[in-house]
Amino acid sequence: MKENWWKILASVLVIYSLWAGMLGAVPELPILHETIRNLYFHVPMWFTMVILYLISVIYSIKYLSSGNENHDLLAVECVNTGVVFGFLGLVTGMIWGNYTWGSPWPNDPKMNSAAISTLMYLAYLVLRNSLEEEQKRARISAVYNIFAFPVMIVLLFILPRLTDSLHPGNGGNPGFSSYDLDSRMRMVFYPACFGWILIGVWITTIQYRLRKLQNKQLN
Amino acid sequence: MRKYFVTASMVLFTAISSLAQSTSGVDMADELRSSGKIYVVVAVITIILLALIGYLFSIDRKVKKLEKKN
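Predicted model, so just to flag it, every value in this text is computed and none were measured.

Draft legend 1. Local environment of the confidence of the model for chain B. Mean pLDDT for chain B: 76, with 64% of residues reaching 70 or above. Model confidence for chain B, summarised as mean pLDDT per element, is weakest for helix H1 (residues 2-17) of chain B at 61 and strongest for helix H3 (residues 38-69) of chain B at 90.

Okay, here's the thing in structure tokens:
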């Protein structure tokens, strides 16, 4: 119970973001209308993915310096969960885009970048499965992960800003901060992000513990 | 644990539902809101989320049991 407080916090924050997100007041804007509420659900998926990839790359670096196979295991499980959140982000974005931008895939630079970075991390998982020897697999995939992370950051947060993008905050478009001048949305958005990140970490730890048990049984 | 969760949920729910919707030229889902049926949708999603979170807790507990056995 005491060590589980953050899991309860995660649950409360996510449920809160659902209630406040569906019922709370939002700015009334053309085109977006009620879909502005998707900000509370679509964007946290991406934030969770980025944080999980960040944890993954930290543990990849740790693995390279320590050689501890548990570090490698945590790095993989972070990517496994991160990819799921990435797909959720892509699909929810496609639904939202269909009704606000007029097409599920309007070839927005940020969308294409997101797709590429998801493929990059899928390649990481494929790479791991293609290597038989455990230490070699851990080392090579850790190095790959260290290269993949900055590329993902550039693809998602830098390149779309340099060109025209439909996403807010990119290519001369106003950021979402201009949508919530009275900061009503911040009160929901930040707790939602934090809650979903905790949920992502939670799922990852369960996966990690299960995998560790499996490895123990195999040995 | 469950008691804390229920009370926290109740407090949150009353706090949020007291926030009122404003009206302007932009077409919002005011009708859905005025008929009060939006709460049906919120209730449904809440149940789904709660069930999934509860499931996650139960998986967590099962893993812990296995860990203790080993």
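The discussion continues.
Draft legend 2. Spatial organisation of the interface of chain A and chain B. With 33 residues of chain A at the interface, the matching set in chain B holds 35 residues. Here chain A meets chain B over a buried area of about 3,400 Å², counting both sides, of which 73% is carbon and sulfur. Sorting the residues of chain A by area buried against chain B places Trp-19, Leu-23 and Glu-28 of chain A first, and these three jointly supply 24% of that buried surface. Our count for the contact surface shared by chain A and chain B stands at 4 salt bridges. Between Glu-67 of chain B and Arg-209 of chain A there is a salt bridge; the shortest N-O distance is 3.1 Å. Sorting the residues of the side of chain A that touches chain B by element identifies helix H1 (5-23) and helix H6 (186-218) of chain A as the ones contributing at least two each. Split into classes, the residues belonging to the side of chain A that touches chain B amount to 23 nonpolar, 3 polar and 7 charged.

Draft legend 3. Representation of the nonpolar core. Core analysis: the largest hydrophobic core is formed by 45 residues, its most contacted members being Met-49, Tyr-53, Tyr-121, Met-152 and Trp-202 of chain A. Among the secondary structure elements, those contributing two or more residues to this core are H1, helix H2 (39-66), helix H3 (69-100), helix H4 (109-130), helix H5 (134-162) and H6 of chain A together with H3 of chain B. Per-element tally for this core: the top contributor is H1 of chain A, with 10 residues. Setting aside residues no more than four positions away along its own chain, Tyr-121 of chain A makes contact with Tyr-53, Val-79, Val-83, Asn-145, Ala-148, Phe-149 and Met-152 of chain A. By size, the runner-up hydrophobic cluster in this structure holds 15 residues, among which are Tyr-40, Met-185, Val-188 and Phe-189 of chain A.

Draft legend 4. Quick peek at the packing of aromatic side chains. Enumeration according to the criterion identifies 6 aromatic pairs over all chains in this entry. Ring geometry for Trp-202 of chain A against Phe-57 of chain B: centres 4.6 Å apart, planes inclined by 65°, an arrangement best described as edge-to-face. Highlighted residues: Trp-202 of chain A in helix H6 and Phe-57 of chain B in helix H3, drawn from two different chains. The residues Trp-202 of chain A and Phe-57 of chain B share a single accessibility class, namely buried. Counting every residue linked through ring pairs, the aromatic cluster contains Phe-47, Phe-189 and Tyr-190 of chain A.

Draft legend 5. Main features of the environment of Val-201 of chain A. All names here are of chain A. Summarising the element assignment, Val-201 is placed in helix H6. Sequence separation between Val-201 and Thr-48 is 153 residues; the distance between their C-alpha atoms is 8.4 Å. Excluding residues within four positions of it along the chain, Val-201 makes contact with Trp-6, Leu-52 and Ile-55.

Draft legend 6. Here's a closer look at H2 of chain A. Relative to the 40 Å expected for 28 residues at 1.5 Å per residue, H2 of chain A spans 40 Å between its end C-alpha atoms, a close match to the ideal helical length. The positive-phi residue at the C-terminal boundary of H2 of chain A is Gly-67 of chain A, with phi of around 75°.

Draft legend 7. Representation of the pattern of salt bridges in the model. Throughout the structure, instances matching the rule amount to 7 salt bridges over all chains. Glu-34 of chain A serves as the salt-bridge partner of Arg-37 of chain A, at 2.6 Å between the closest nitrogen and oxygen. Each member of the pair, Arg-37 of chain A as well as Glu-34 of chain A, carries the same accessibility label: buried. Linked through salt bridges whose partners overlap, the residues forming this network are Lys-7 and Arg-209 of chain A together with Asp-60 and Glu-67 of chain B.

Draft legend 8. Just unusual backbone geometry, in detail. Residues and elements named next belong to chain A. The backbone of Ile-31 shows a phi angle near 70°, a positive value even though the residue is not glycine. As for its position among the elements, Ile-31 is in the loop between H1 and H2. Ile-31 gets classed as exposed once you look at its relative accessible area, which sits at 60%. The phi dihedral of Asn-107 falls on the positive side, at around 55°, and the residue is not glycine. Note on Asn-107: relative accessible area 54%, which makes it exposed.

Draft legend 9. How the structure looks around H3 of chain B. Under the 1.5 Å per step criterion, the end-to-end length of H3 of chain B is 47 Å for 32 residues, consistent within 8% with the ideal 46 Å. Every buried residue of H3 of chain B is listed here: Ile-38, Val-42, Thr-46, Leu-49, Ile-53, Leu-56, Phe-57, Asp-60 and Val-63 of chain B.

Draft legend 10. Layout of a nonpolar patch on the surface. Taken together, the side chains of Val-40, Val-41, Val-44, Ile-48 and Leu-52 of chain B present a nonpolar region at the surface, about 430 Å² in accessible area. Mapped onto the secondary structure, Leu-52 of chain B falls in helix H3.

Draft legend 11. Summary view of the side chain of Thr-118 of chain A. Mapping Thr-118 of chain A onto the fold places it in helix H4. Among the residues examined, Thr-118 of chain A registers a relative accessible area of 2% and is labelled buried.

Calculation rules
- Residue numbers here run from 1 along each chain, matching the order of that chain's written sequence.
- For this description, chains carry letters from A and ligands carry numbers from 1, given in the order in which they are written.
- In keeping with the predicted nature of the model, local features appear solely for residues at pLDDT of at least 70, side-chain atom pairs appear and are counted solely at 80 or more, and the whole-chain, interface and lining totals rest on all residues.
- The basis for the side-chain values is all heavy atoms of the structure; hydrogens and waters are excluded.
- The quantity called pLDDT is the predictor's confidence in a given residue, expressed from 0 to 100.
- Secondary structure elements are taken from DSSP: a helix is a run of H or I of four residues or more, a strand is a run of E of two residues or more, and numbering for both begins at the N terminus.
- Any two residues whose heavy atoms approach within 4.5 Å are treated as being in contact.
- Here the quantity called buried area is the accessible surface, traced with a 1.4 Å probe, that two parts lose on coming together, added over both.
- What makes a salt bridge here is a side-chain nitrogen of Lys or Arg within 4 Å of a carboxyl oxygen of Asp or Glu, nothing more.
- Note on residue categories: nonpolar means Ala, Val, Leu, Ile, Met, Phe, Trp, Tyr, Cys or Pro, charged means Asp, Glu, Lys or Arg, and polar means any other residue, Gly included.
- Here, the term nonpolar core denotes a set of buried Ala, Val, Leu, Ile, Met, Phe, Trp, Tyr and Cys residues that are joined through side-chain atoms within 4.5 Å.
- Burial classes follow relative accessibility: with a 1.4 Å probe on protein chains only, a residue under 20% of its type's maximum area counts as buried, one over 50% as exposed, and anything between as partly exposed.
- Two rings from Phe, Tyr or Trp (for Trp, the six-membered ring) form a pair when their centres are within 6.5 Å of each other. A pair whose planes differ by under 30 degrees is stacked, one over 60 is edge-to-face, and the rest are tilted.
- Take the residue count of a helix, subtract one, and multiply by 1.5 Å to get its expected span.
- Patch membership needs two things, relative accessible area over 30% and no salt bridge, and members are linked within 9 Å if like-charged or within 5 Å if nonpolar (Val, Leu, Ile, Met, Phe, Trp, Tyr).
- Reported accessibility uses the Shrake-Rupley method at a 1.4 Å probe radius. Residues are deemed covered only where the shown protein chains occlude them.

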